[in-house]
2 protein chains.
Amino acid sequence: METTATTFGMRLDAAARDRQSVVCVGLDPDLARLPAEVWQGVRDGPAGTARAVERFCGGIIEAVAEHAVAIKPQLAFFEAIGPPALAALERICETARAAGLIVVLDGKRGDIGSTSAAYASAYLSPAREGSGPRGDALTVNPYLGDDGLAPFVEAAVQHERGLFVLVRTSNPGSAALQELALEGGGQLWERVAALVDRLAGTPGDAPLSSIGAVVGATQGHVVARARALMPRAPFLLPGIGAQGGELAALAPAFAPGPGGGLVSASRSVLYADPGARWQQAAAAEAERLQRASWPLASG
Amino acid sequence: METTATTFGMRLDAAARDRQSVVCVGLDPDLARLPAEVWQGVRDGPAGTARAVERFCGGIIEAVAEHAVAIKPQLAFFEAIGPPALAALERICETARAAGLIVVLDGKRGDIGSTSAAYASAYLSPAREGSGPRGDALTVNPYLGDDGLAPFVEAAVQHERGLFVLVRTSNPGSAALQELALEGGGQLWERVAALVDRLAGTPGDAPLSSIGAVVGATQGHVVARARALMPRAPFLLPGIGAQGGELAALAPAFAPGPGGGLVSASRSVLYADPGARWQQAAAAEAERLQRASWPLASG
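Residues numbered from 1 in each chain as written. Chains lettered and ligands numbered in written order. Predicted model: local features only at pLDDT ≥ 70, side-chain atom pairs only at ≥ 80, totals over all residues. Heavy atoms only, no water.

Thoughts on helix α11 (residues 278–298) of chain A
Residues and elements named next belong to chain A. The first and last C-alpha atoms of α11 sit 30 Å apart over 21 residues, in line with the 30 Å expected at 1.5 Å per residue. The largest bend in α11 is about 30 degrees, located at alanine 292, with the proline proline 295 one to four residues further on. Where α11 is concerned, the buried positions are Trp278, Ala281, Ala282, Ala283, Glu285, Ala286, Leu289, Gln290, Ser293, Trp294 and Ala297. Looking at the buried side of α11, the elements it contacts are α1 (8–19), β1 (23–27), α2 (46–64), β8 (261–265) and α10 (267–270). (Helix = DSSP H or I, 4+ residues; strand = E, 2+ residues; numbered from the N terminus. Expected span 1.5 Å × (residues − 1). Bend = angle between axes of the 7 residues up to and from the residue. Buried < 20%, exposed > 50% of the residue type's maximum accessible area, 1.4 Å probe, protein only. Contact = heavy atoms within 4.5 Å.)

Considerations on the interface of chain A and chain B
Tallying the contact residues gives 60 residues for chain A and 60 residues for chain B. Around 4600 Å² of area is buried between chain A and chain B when both sides are counted, 59% of it from carbon and sulfur atoms. Of all residues in chain A, Pro83, Tyr143 and Leu177 of chain A bury the most surface against chain B, accounting for 16% of the area lost on that side. Inspection of the chain A/chain B interface yields four salt bridges. (Buried area = accessible area lost by both parts, 1.4 Å probe. Salt bridge = Lys/Arg side-chain N within 4 Å of Asp/Glu carboxyl O.)

Observations regarding helix α2 (residues 46–64) of chain B
With 19 residues, α2 of chain B should reach 27 Å at 1.5 Å per residue; the first-to-last C-alpha distance of 26 Å fits that figure. The buried fraction of α2 of chain B amounts to 14 of the 19 residues, a majority that puts the element mostly inside the structure.

Points about the nonpolar core
If you look at the biggest cluster of nonpolar residues, it comprises 216 residues, and the most contacted ones within it are Met230 of chain A together with Met230 of chain B. Other than its neighbours up to four places away in sequence, methionine 230 of chain A contacts Val167, Ala193, Val196, Asp197, Ala213, Val215 and Phe235 of chain A. (Core = buried A, V, L, I, M, F, W, Y, C linked by side-chain atoms within 4.5 Å.)

Points about the packing of α2 of chain A against α11 of chain A
Residues and elements named next belong to chain A. Running from N to C, α2 and α11 point in directions that differ by 45 degrees, and their axes come no closer than 8 Å. As judged from the angle between their axes, α2 and α11 are oblique. Regarding α2 and α11, the two cross each other, and that crossing is right-handed. The residues of α11 that touch α2, namely those facing Arg55, Phe56, Gly59, Ile60, Glu62, Ala63 and Val64, are Trp278, Gln279, Ala282, Ala283 and Ala286. (Axes fitted to C-alpha atoms, helices over the stretch in contact; angles between N-to-C directions. Parallel < 35°, antiparallel > 145°, perpendicular 65-115°, else oblique. Left-handed = near helix turned anticlockwise from the far one by under 90°.)

A closer look at the confidence of the model for chain A
For any part of a model where pLDDT is low, the fine detail of the predicted coordinates should not be relied upon. Looking at chain A, pLDDT values average 93 and 95% of them are 70 or higher. This complex was scored by the predictor with a pTM of 0.96 and an ipTM of 0.96. (pLDDT = per-residue confidence, 0-100.)

As for the environment of asparagine 141 of chain B
Residue position: asparagine 141 of chain B is located in the loop between β4 (137–140) and α6 (146–159). For asparagine 141 of chain B, a relative accessible area of 3% puts it in the buried group. Leave out the neighbours within four places in its chain, and asparagine 141 of chain B touches Asn141, Tyr143 and Leu144 of chain A together with Lys108, Arg109, Gly110, Leu149 and Leu166 of chain B. A distance of 3.0 Å separates a polar atom in the side chain of asparagine 141 of chain B from a polar atom in the side chain of asparagine 141 of chain A. A polar atom in the side chain of asparagine 141 of chain B sits 2.9 Å from the backbone nitrogen of tyrosine 143 of chain B. (Polar contact = N/O pair within 3.5 Å; in protein donor to acceptor, adjacent residues only side chain to side chain.)

Some details on the sheet that holds strand β5 (residues 162–168) of chain B
Residue and element names in this part refer to chain B. Read around the barrel, eight strands follow the order β1-β2-β3-β4-β5-β6-β7-β8 and close on themselves; strand pairing throughout is parallel. Taking each pair of neighbouring strands and ignoring which way they run, the sheet shows an average axis angle of 30 degrees. Of the strands in this sheet, β5, β6 (211–215) and β7 (235–238) touch helix α9 (residues 220–229), which is tilted by about 170 degrees from β7. (Pairing = 2+ DSSP bridges.)

Structural notes on the sheet that holds strand β2 (residues 70–73) of chain A
Residue and element names in this part refer to chain A. Around the barrel, eight strands lie side by side as β1-β2-β3-β4-β5-β6-β7-β8; this closed barrel has parallel pairing. Ignoring strand direction, the axes of neighbouring strands in this sheet form an average angle of 30 degrees. Sitting on the sheet, helix α8 (residues 188–199) is in contact with β5 (162–168) and β6 (211–215), with an inclination near 160 degrees to β5.

As for the pairing of strand β1 (residues 23–27) of chain B
All names here are of chain B. Within β1, five of the five residues are buried, which leaves it mostly tucked inside the rest of the structure. Burial along β1 is two-sided: Val23, Val25 and Leu27 and Cys24 and Gly26, pointing in opposite directions, are all buried. Pairing of β1 with strand β8 (residues 261–265), which is carried by three bridges, proceeds in the parallel orientation. If you follow cysteine 24 over to β8, its bridge partner there is serine 264. Note that β1 and strand β2 (residues 70–73) share four bridges and pair parallel. Bridge pairing in β2 places leucine 27 opposite proline 73. The parallel pair β1 and β2, bridged by α2, forms a crossover whose chirality is right-handed. (Right-handed = clockwise from strand over helix to strand, strands pointing away.)

Here it is as structure tokens:
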């Protein structure tokens, strides 16, 4: 039976198979580490900095497009520069889509319902020129509960976008909160996983939902448990590379298919070489990650 | 003993006493509810919309400055318009500060350490023209744990800014997660409150810390318990007005002094009158809220 891939979950799985890649390259432009050439001729100030960052991100997209299935701009680094960088990110997202890449905006937004609706409109509604970056998916924070997430889910369904809800993050201190033991059994993150699994039941999303989860790749023992709790959710798996996660531990993510996991690396790709060979080095690192992770995803 | 107020906590308390107000007016510009006059002569598109929003927010600040101690721009509504609205918000924040108001940026940001540092730089570092809005304080999300919050705390100390950590939010669905019962006793939000109280021990912040908490004003029974758990934290108390919270329940927030609570209202002030008298109606509603809440704060 042939279907036209429409939901985010279906598009993600189709794109991973088509490109034979589950690599997601995070765009975290750290100004102190950008190669010298992107600064040539730019003015001082936010507009010039945004121009340099746009060159860098464009160069990275060009370098890694062949080996990646997605890019993940980290909104914080663009917000830290100022509005011109968000205007640049709008163009960067279009460049990435033109290269066939899925765009995951990493903003970890979350608020009460009426405000979450504004965030969903900002990042998941159809693009309008000059209105800022648009993603195929957005990372969101579950601390405000299910009514805080509902507008994101509605926007994802309406606009055929995806969500990655923070479930178990990759940072060392996350365990103190996310692994809190609950009365009656289980840990906090497992309760959040159950919430994500309920949201993943959105109609039309079989077998891979459009409502996914962030599951830190530095917590290898967590991935299998997360997959058991969320059998249909695509996982965004940050923490490979600079954060030290091991690839082999990610295998359970791919139980629902190659779209079951996005193996996300940022600094290890972006800053693979600090000098003139930055694009070649980023391409090589993305290819290395693709070759190492694809057997897990397709196996 | 006289001291120069330098930390955010000290400035907040001094400002509340000086202005005899604990009212914080939320700036949530809902395009469908803006008065007709702010749209006059603006172009279609994000730049024109940002111009209308800037006029509206400027008019609200002018109207409420006499009765409020703080404004709280909700970043989502500006992000939903696009980069020109964030450039406008930079100017709006300067307008508010020129009117003597404290600026609380409501962004509910939170991420792993290196990314939280970028958010802290974006919103809590010293202003640079064209680099986006700056706040005297920022709302942050605790789901990533203490190392995710640490860069915000460091920036708050370094730049004499404040934080309001989400502890117990005002939305109906928040209880399902935030009131989860923990093994060994207590609820999740109480554990987050304990974390905030530890962070509130930052040097130089006696008797009111610069590290505060968001405590929903719709959960009256929660405020006294929150004050017991966080004796030194200023509370941001959203939910009065459109969300239905009762003022009298907020009294325990002010145990450490008038700076112990910011009584936050948004829609009930902004849209008090949909017609030509929008500024007068906003001023009247802010004054009503000031008169109703100041006795609680100074009592």
